[in-house]
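Tertiary structure, described
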Amino acid sequence: MAKEKDALDIITDPENMVKNKDLDFDEPAEEVHVKASENEEDGGISRRNFLRWGSAAAAAATVAGAGGAGFAIGRSDDAYTGYGRTYQGGDMFFNREPFRTKTAAMMEPVSTVIRADRTDFIFDRIKGIIGMIEKGEWNPGLGLDKMPGVIGDYYRKKPEDFKIMMDSLGKYAKSREDWKNGKHLRYTLPAAYTEALAHGGMYNRHGSTIPEDPDDVYMETGEEQPPEKWDFRHVKRDKPMEFKSPKHATKLIKRMAHLFGTSIVGIGKFDERFMFTNKMRGMKDGGAHWGNKVPEHWKSIIIFGVPMYWDQTYAAIGYCTSYDAYFRSRVTAGLLERFIHELGYPARAQFPGYHYEIMMEPFLLTTGLGEYSRSGMVMVPELGCNVRPAAVVTNIEFEYDQPIDVKMADFCLKCKICAETCPSGAIPTTDKPETVVRGFKRWYLDQEKCYNQWASGQTVDALGCRVCMGVCPYTRKNTWIHSISRELEPRDPTGLVSSGLLAMQKNFFKYPEAQDFRSDWLGGTEATYHNPPWYLRAEEVFKGIDKTWEYHGME
Amino acid sequence: MFPGTTILNYLFWMAIGMLQVLIVVGAYEWLKRYDKKVSWWQMVLMYGCFASFCLTIAGGATLSGEFETRGGLFFIGFLGVPHIIVGAIMARLFIFKKQLVK
Ligand code: SF4
Ligand code: SF4
């Protein structure tokens, strides 16, 4: 083997030197302007000593700088996707193109697909039950047999669910009582935050603040608002503006969706399989007799979403709310709906909490925004489970997005963190998805159990828990360390990266147990996943609040 | 590193870049002083190990910044110790090697 040239030889080889006297340090001393001190220890700092000790100091500074920079990146609000500097489109930073596929995981039907009915939507059931009680048509003392209407029919097929629902209503009453009796003091700030968003942002005394909702108009005027009327209400043009191509339409509408505040957006063909039956806002009884009709102009769907604010998401249950994300996704929905009307096309906003004729999750999948998860929610690469969607249905012809396969659903096969941490046991722990839900095999979130936790939870409206969202390893901020995982994992055919990441997640981090998240009167410690930020701790800013509790989350 | 500023971050990373040059050039000075010889690829490997160690520190600190300090410390411990071991082995093999042929 030829003799290798070592590094010093290369550096000192005259061939490799720049012939410039100012830079030629190894020229004889007398030819260099600054002499003597170059090679001698004469009391000053020699060049060699400077380099030697400078390099040691530089190495130490680099390690310190790496630590400092890492810490600052982790702590910075700039890493809060959807709230950082990259608001207008930059939040959707994961390149989905290499991962496009024909059908998303768990979206291949295994039997006949059945459309969900309004009674399959838990909030319609709750609304129905409360309505019956208020009108004196029924009360829990009368039992399930006497429960009237479609909701009675629904629960007679699922008596166990009925028992859980009755238990939930009891817990709801108890938690409201506690709240009135002073429990709210600890939660003063998250409660104020929630109420500001709900009643300052989402609703006013006439109903929905933004977007306009056909139910409100029906209630005000008594006049039904069928979609053929409502969806065209602001269309002023005789003829819609014609796009140069579907591609142009997609590009423009996505840009506008970002401009109107969304973090992620996908566009797909409207698929009636994912539309509720017997549900149509603006019609009598919320469209209870609508049947399975599909408005002809519902051809395309623009679906988008934003995250809940990250500090609160991690501080579930008591310090978290969905309303900050709901509010922002509603704003996007309202603005985009109007924008499309202005171009001469019909449009109808579908928005949270319950102003929908469609199910959101399947459309997040068909448009390639994310993948279905064990916890029953859709996870997206940028936000994990922390995404609250809204949509606009229209008849614009678009170039449609395709589903993706980024192996998130595969990760759920190994990871059961959400199921193990769920305080109500609503998330299945089976290794593989086993339940056939209306034609699709998937993990099935037990809505009744989940709501049971909500009803007894330590929030101002007894709505929401969201522990599963916070603990999911995909629900992480946009820092370089998570970006590396995000990019590596779907490209690793061996599955070693995901196994390694999961092992780290399970062993490096210590967070409360499922039971700890529950209310104190149910044996929990009202723990949070992360401790709440200072600005949600009432005892830190108000007089007269004695801190009688401990924080049990990570920090 | 400096949230909210427009220029300090760039200056910081420029300074860190300059320090890397100083580290490598200074390392050769140390080697020269003790009359050690290290080939370029050995230096690349050793510098790579150092850079990777810095990333480990940064990764742990990032987790700590995300309010997951325990995870961050485990991260540094779990990945940092192997770096130190590998670094020591490289130093032994590349710098403090026995002079087989004089
Ligand atoms: S919201 Fe809470 S109760 Fe419902 S599934 Fe998630 S962790 Fe479980
Ligand atoms: S916590 Fe784990 S199992 Fe649950 S949704 Fe997230 S990745 Fe899937």
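Residues numbered from 1 in each chain as written. Chains lettered and ligands numbered in written order. Predicted model: local features only at pLDDT ≥ 70, side-chain atom pairs only at ≥ 80, totals over all residues. Heavy atoms only, no water.

Overview of the overall build of chain B
Worth spelling out the cut-off: A helix here means a DSSP run of H or I that spans at least four residues, while a strand means a run of E at least two residues long, and both kinds are numbered starting from the N terminus. Both definitions apply: the radius of gyration is a C-alpha atom measure, and the globule rule equals 2.2 Å times residues to the power 0.38. Each residue gets one of three labels from its accessible area relative to the maximum for its type: buried under 20%, exposed over 50%, partly exposed in between, using a 1.4 Å probe on protein chains only. Note on contacts: a residue pair is in contact if any heavy atoms of the two residues lie within 4.5 Å. When charges are counted, Lys and Arg are positive and Asp and Glu negative, with His and the chain ends excluded. Charged groups are reduced to one reference atom each: NZ for lysine, CZ for arginine, CG for aspartic acid, CD for glutamic acid.
A tally of regular secondary structure across chain B gives 3 helices and 0 strands. For a compact globule of 102 residues, the expected C-alpha radius of gyration is about 13 Å, and chain B comes in at 17 Å, more than 25% above that figure. For chain B, the spread of C-alpha atoms along the principal axes amounts to about 55 × 30 × 20 Å. Looking at chain B as a whole, 38% of its 102 residues qualify as buried. In chain B, the share of contacts with a sequence separation of at least 24, taken over all contacts with a separation of at least 6, comes to 52%. Taking the average place of the 9 positive charges on the side chains of chain B and the average place of its 4 negative ones, the gap between the two points comes to 19 Å.

Thoughts on the interface of chain A and chain B
Definition in use: Each of two parts loses accessible area, computed with a 1.4 Å probe, when they are put together; buried area is these two losses added. Salt bridge criterion: a side-chain nitrogen from Lys or Arg within 4 Å of a carboxyl oxygen from Asp or Glu.
Across the boundary between the two partners, chain A contributes 47 residues, which contact 46 residues of chain B. A buried area of about 4,200 Å², summed over both sides, lies between chain A and chain B, and 69% of it is on carbon and sulfur atoms. Here chain A is connected to chain B by 1 salt bridge. Where glutamate 29 of chain B meets arginine 48 of chain A, a salt bridge forms, and the shortest distance between an N and an O atom there is 2.8 Å.

Examining the site of ligand 1
All names here are of chain A. Formally: Here, proximity means that at least one heavy atom of the residue falls within 4 Å of the molecule or strand. For this classification, Asp, Glu, Lys and Arg are treated as charged, while Ala, Val, Leu, Ile, Met, Phe, Trp, Tyr, Cys and Pro are nonpolar and the rest, including Gly, are polar.
Inspection of the region around ligand 1 gives Cys422, Pro423, Ser424, Ile427, Leu445, Cys450, Gln453, Trp454, Cys465, Arg466, Val467 and Cys468 as its neighbouring residues. Within the residue set of the shell around ligand 1, elements represented by two or more residues are helix H15 (447–456) and helix H16 (467–471). The greatest single-element share of the shell around ligand 1, amounting to 3 residues, is contributed by H15. Each residue belonging to the shell around ligand 1 can be placed in one class, and the counts come to 9 nonpolar, 2 polar and 1 charged.

With respect to the packing of aromatic side chains
Residue and element names in this part refer to chain A. Note the following rule: Any two rings among Phe, Tyr and Trp, with Trp reduced to its six-membered ring, count as a pair given centres within 6.5 Å; such a pair is stacked if its planes are under 30 degrees apart, edge-to-face if over 60, and tilted if neither.
This structure, assessed with the given rule, holds 33 aromatic pairs over all chains. Ring centres of tryptophan 138 and phenylalanine 162 lie 6.2 Å apart, and the angle between their planes is 70°; on these two criteria the pair is classed as edge-to-face. One end of the pair, tryptophan 138, is in the loop between helix H3 (122–135) and helix H4 (149–157); the other, phenylalanine 162, is in helix H5 (residues 159–180), and 24 residues separate them in sequence. The residues tryptophan 138 and phenylalanine 162 share a single accessibility class, namely buried. Between tryptophan 534 and tyrosine 535 the ring centres are 5.9 Å apart and the planes differ by 90°, which places this aromatic pair in the edge-to-face class.

Thoughts on the domain arrangement of chain A
Residues and elements named next belong to chain A. The condition is simple: As annotated, the domain borders come from an automatic or database domain assignment.
By the assigned domains, chain A splits into domain 1 (4–17 + 118–183) and domain 2 (20–29 + 69–89 + 187–540). For domain 1 versus domain 2, the separation of C-alpha centres amounts to 14 Å. Buried area between domain 1 and domain 2, summed over both chains or domains, comes out near 2,500 Å², and the portion from carbon and sulfur atoms is 58%. Viewed at the interface, domain 2 and domain 1 are joined by 3 salt bridges.

Some points on the site of ligand 2
Inspection of the region around ligand 2 gives Ser373, Arg374, Ser375, Met379, Phe411, Cys412, Cys415, Ile417, Cys418, Cys472, Pro473 and Tyr474 of chain A as its neighbouring residues. In the shell around ligand 2, the residues fall into 9 nonpolar, 2 polar and 1 charged.

So, the nonpolar core
Residue and element names in this part refer to chain A. Heads up, the condition is: As used in this record, nonpolar core signifies buried Ala, Val, Leu, Ile, Met, Phe, Trp, Tyr and Cys residues forming a set joined through side-chain atoms within 4.5 Å.
In terms of nonpolar packing, the biggest core is built from 96 residues, with Ile129, Met147, Tyr155, Met165, Phe270 and Ile358 touching the most fellow members. A domain-level breakdown of this core finds at least three residues from each of domain 1 (4–17 + 118–183) and domain 2 (20–29 + 69–89 + 187–540). When neighbours within four sequence positions are excluded, isoleucine 129 is seen to be in contact with Trp138, Met147, Ile151, Tyr155, Met165 and Leu169. Ranked by size, the runner-up nonpolar core spans 21 residues in total, among them Met256, Phe260, Ile267 and Phe304.

Comments concerning the pattern of salt bridges
All names here are of chain A. This structure, assessed with the given rule, holds 30 salt bridges over all chains. With a shortest N-O distance of 2.7 Å, glutamate 382 and arginine 96 are connected by a salt bridge. Linking glutamate 382 in the loop between strand E7 (378–379) and strand E8 (388–394) with arginine 96 in the loop between helix H2 (47–75) and H3, this pair joins segments that are 286 residues apart in sequence. Overall, glutamate 382 belongs to the buried group, its relative accessible area being 0%. Taking relative accessible area as the criterion, arginine 96 reaches 3% and is therefore assigned buried. Each member of the salt-bridge network shares a partner with another, and the members are Asp213, Asp231, Arg281, Arg348 and Glu357.

Overview of the packing of helix H1 (residues 8–33) of chain B against helix H2 (residues 40–65) of chain B
All names here are of chain B. Note the cut-off: Convention adopted: a line fitted to C-alpha atoms gives each axis, helices being fitted over their contacting stretch, and angles between N-to-C directions are expressed from 0 to 180 degrees. By definition in this entry, angles of less than 35 degrees are roughly parallel, angles greater than 145 are roughly antiparallel, angles of 65 to 115 are roughly perpendicular, and the rest are oblique. Crossing handedness: left-handed means the near helix sits turned counterclockwise from the far one by under a right angle, and right-handed means the same turn made clockwise.
At a closest axis distance of 12 Å, the pairing of H1 and H2 adopts a crossing angle of 130°. The orientation of H1 with respect to H2, classified from their angle, is oblique. As for the relative orientation of H1 and H2, their crossing is right-handed in sense. Between H1, through Gln20, Ile23, Val24, Ala27, Tyr28 and Leu31, and H2, the contact on the second element is made entirely by Trp40, Met43, Tyr47 and Phe50. Residues belonging to the contact of H1 with H2 are distributed by class as follows: 9 nonpolar, 1 polar and no charged.

Some remarks on the UniProt feature "transmembrane region" (unreviewed entry) in chain B
In plain terms, the rule: UniProt positions are given in the numbering used here, feature names are shortened, and annotations may be inferred rather than shown by experiment.
Mapped onto the present numbering, the UniProt feature "transmembrane region" (unreviewed entry) falls on residues 12–31, 43–61 and 73–95 of chain B. Helix makes up 100% of residues 73–95 of chain B and strand 0%, with an end-to-end C-alpha separation of 31 Å.

Brief notes about the pairing of strand E4 (residues 300–306) of chain A
Walk down a regular strand and you will see the side chains alternate between the two sheet faces. All names here are of chain A. Selection criterion: By definition, two strands form a pair when at least two bridges between them are found by DSSP.
Of all 7 residues making up E4, 7 are buried, and the element is well covered by its neighbours. Side chains Ser300, Ile302, Phe304 and Val306 of E4 all project onto a buried face; the interleaved residues Ile301, Ile303 and Gly305 project onto the opposite face, where all are buried too. Inspection of the sheet shows strand E3 (residues 264–269) paired to E4 by 6 bridges, in the antiparallel sense. Residue valine 265 lies in a different strand from E4, and its bridge partner there is phenylalanine 304.

Concerning the sheet that holds E3 of chain A
Residue and element names in this part refer to chain A. The 4 strands are arranged E3-E4-E8-E5 in an open sheet whose pairing can be described as antiparallel. Each end of this open sheet is capped by a strand with a single partner; those strands are E3 and strand E5 (347–350). Recorded for the sheet is a direction-independent mean angle of 20° between the axes of neighbouring strands. Inspection of the sheet shows E5 paired to E8 by 4 bridges, in the antiparallel sense. The residue bridging glutamine 350 from the neighbouring strand is alanine 391, located in E8.

A word on the side chain of serine 322 of chain A
Residue and element names in this part refer to chain A. Among the structural elements, serine 322 can be located in the loop between helix H10 (310–314) and helix H11 (323–342). Its relative accessible area of 5% is what places serine 322 among the buried residues. If sequence neighbours within four positions are ignored, serine 322 has contacts with Met308, Arg388 and Arg466.

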